[in-house]
Amino acid sequence: MKLFTLGPVEMDPETLAVGAEALPYFRTDEFSEKMVAMRDRIQRVCRASASSRLAVITGSGTAAMEAAVASMFGGDDRVLVINGGGFGERFSELCRCHSIPYNELILAHDEELDAAHFEGVDGRQYTGLLVNVHETSTGQLYDMSLISGFCREYGLTLVVDAISSLLADDYRMDEWGVDATIFSSHKALAVSPGLSFVLVNEETWHSRIAGKRRAGVFYLDLRDHIMNMERGQTPFTPSVGVVLQVEEKLARVEARGVSYFLHKTRCLAEGFREDIKKRTNLVVPGFRISNALTPLFFPDGGAEKCFSRLRDDHGLIVTPSGGENKDKMIRVGHMGNLTQDDHDTLVSALAV
């Protein structure tokens, strides 16, 4: 089976080798040193300052989303949620769960976010904005300069889910004025599922997290996670093996350069889309799309059958869609240990 999915993804041999090693005990100076090295590399990948603070959470990306929402906002806030699909809706669900007042800027599945959407929005009534820079359910990659400009104008705390975008698309935390960046281990980092991360800038750490313990938060309290990370540890047992995989992968990213991985993923995505347009009647949306994936629309339906045919006849696993797009769209991932030959094989199977 070959994974063209959105997580987990195909892992490199080096990553798989780390996963096969015996696990060390983690409450040691040696493990703490690895954790600190991982933090420093994450800061550089996110283009964040060395003063930013990291929380390492054993849980999926949604755990980090909940940790950020529940630890940074409360009933005296009102946040604006960019809801362009299933993961934007997840931010709204988290706000409802934790009784955080919010409003939504809702997009249709084929609607591109632009400046007109912010016209008439009174940013003065909000204290924060929550956005998935890449709405994975549709493939759209939002314009962060547009969003950050709005947040800067009104002084909003900007929380960005970069779970399926980091290391697939360019990301500039400090330059964009992002206050908290959320990501996980099993997307473009291409290691095993099990870890998620929240990186916050120093100002946000002091103003929204350090002096407050929010009601209804225990395991996902960012304050505890960040304070423990200062000594290279976590408050609870982490996914030790995944920590080691992430640390090893980030060392390779640093050695080759972030630009190498961005270029590889972008070339795979662009080449795949060109071939799809030439060889099939499937539709690639016209809005801005992340390098992480390509959404493919079926004008006459049949997405479900195509997913099953690719899996059963060719051993190729893509990502199906749910809801109204269940039979209209599949999503093809370009992350992880994939090659141009792999993509050629998939295009040939789709062209049948």
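Every value quoted in this text rests on a predicted model; they were computed, and no experiment measured them.

Draft legend 1. Examining the overall build of the chain more closely. The number of helices and strands found in the chain is eleven helices and 14 strands. For the chain, whose C-alpha radius of gyration is 20 Å, the value lies close to the compact-globule estimate of 20 Å for 352 residues. Counting only C-alpha atoms, the chain reaches 60 × 55 × 30 Å along its principal axes. Taking all 352 residues of the chain together, the buried fraction comes to 58%. Sequence separation of 24 or more characterises 71% of the internal contacts of the chain that already satisfy a separation of 6 or more. Put simply, the chain shows about 14,200 Å² of open surface, and 49% of that area lies on carbon and sulfur atoms.

Draft legend 2. Highlighting empty space enclosed by the protein. Scanning the entire structure with this criterion turns up three cavities of 30 Å³ or more. The computed volume of the largest cavity comes to approximately 60 Å³. Lining the largest cavity are Val-45, Arg-47, Leu-166, Leu-167, Asp-169, Asp-170, Tyr-171, Val-258 and Leu-262.

Draft legend 3. Focus on the pattern of salt bridges. All chains considered together, the criterion is met by 19 salt bridges. Among the salt bridges present, the one from Lys-249 reaches Asp-12, with a minimum N-O distance of 3.8 Å. A residue pair is termed long-range when its members are at least 10 positions apart, and Lys-249 in helix α8 (residues 240–256) and Asp-12 in the loop between β1 (2–3) and α1 (13–19) qualify at 237 residues. On the basis of relative accessible area, Asp-12 is assigned to the buried category, the value being 11%. Residue Arg-39 is joined to Asp-40 by a salt bridge in which the shortest nitrogen-to-oxygen separation is 3.0 Å.

Draft legend 4. Expanded view of the sheet that holds strand β11 (residues 293–297). Ordered by their spatial adjacency, three strands build an open sheet running β11-β14-β13, and the pairing between neighbours is antiparallel. Because the sheet does not close on itself, it has two edges, and the strands there are β11 and β13 (319–320). Where β11 lies against strand β14 (residues 329–333), five bridges are found, and the strand directions are antiparallel. Directly across from Leu-293, in β14, lies its bridge partner Gly-333.

So, how was this worked out
Each chain has its residues counted from 1, following the order in which its sequence is written. Only residues with pLDDT of at least 70 are given local features in this predicted model, and only at 80 or more are side-chain atom pairs given and counted; all residues enter the totals for whole chains, interfaces and linings. By convention in this description, side-chain values take in all heavy atoms of the structure and omit both hydrogens and water. Secondary structure counts use DSSP, requiring at least four H or I residues in a row for a helix and at least two E residues in a row for a strand, with both numbered from the N terminus. The quantity called the radius of gyration is restricted to C-alpha atoms. Its globule counterpart is 2.2 Å times the number of residues to the power 0.38. Residue exposure (1.4 Å probe, protein chains only): buried if accessible area is under 20% of the type maximum, exposed if over 50%, otherwise partly exposed. What makes two residues a contact is simply this: any of their non-hydrogen atoms within 4.5 Å. Using a 1.4 Å probe, the Shrake-Rupley method yields the accessible areas, and only the shown protein chains count as cover for residues. Method remark: on a 1 Å grid restricted to protein atoms, a set of points is classed as a cavity if a 1.4 Å probe fits but cannot get out and as a pocket if it is open with protein on both sides within 12 Å along at least five of seven lines; lining residues have an atom within 4 Å of a point. Grid points are joined across faces, edges and corners, and a volume is the space filled by probe spheres set on the points. Salt bridges, as used here, are contacts in which a Lys or Arg side-chain nitrogen is within 4 Å of a carboxyl oxygen on Asp or Glu. A pair of strands is treated as paired once DSSP finds two or more bridges between them.

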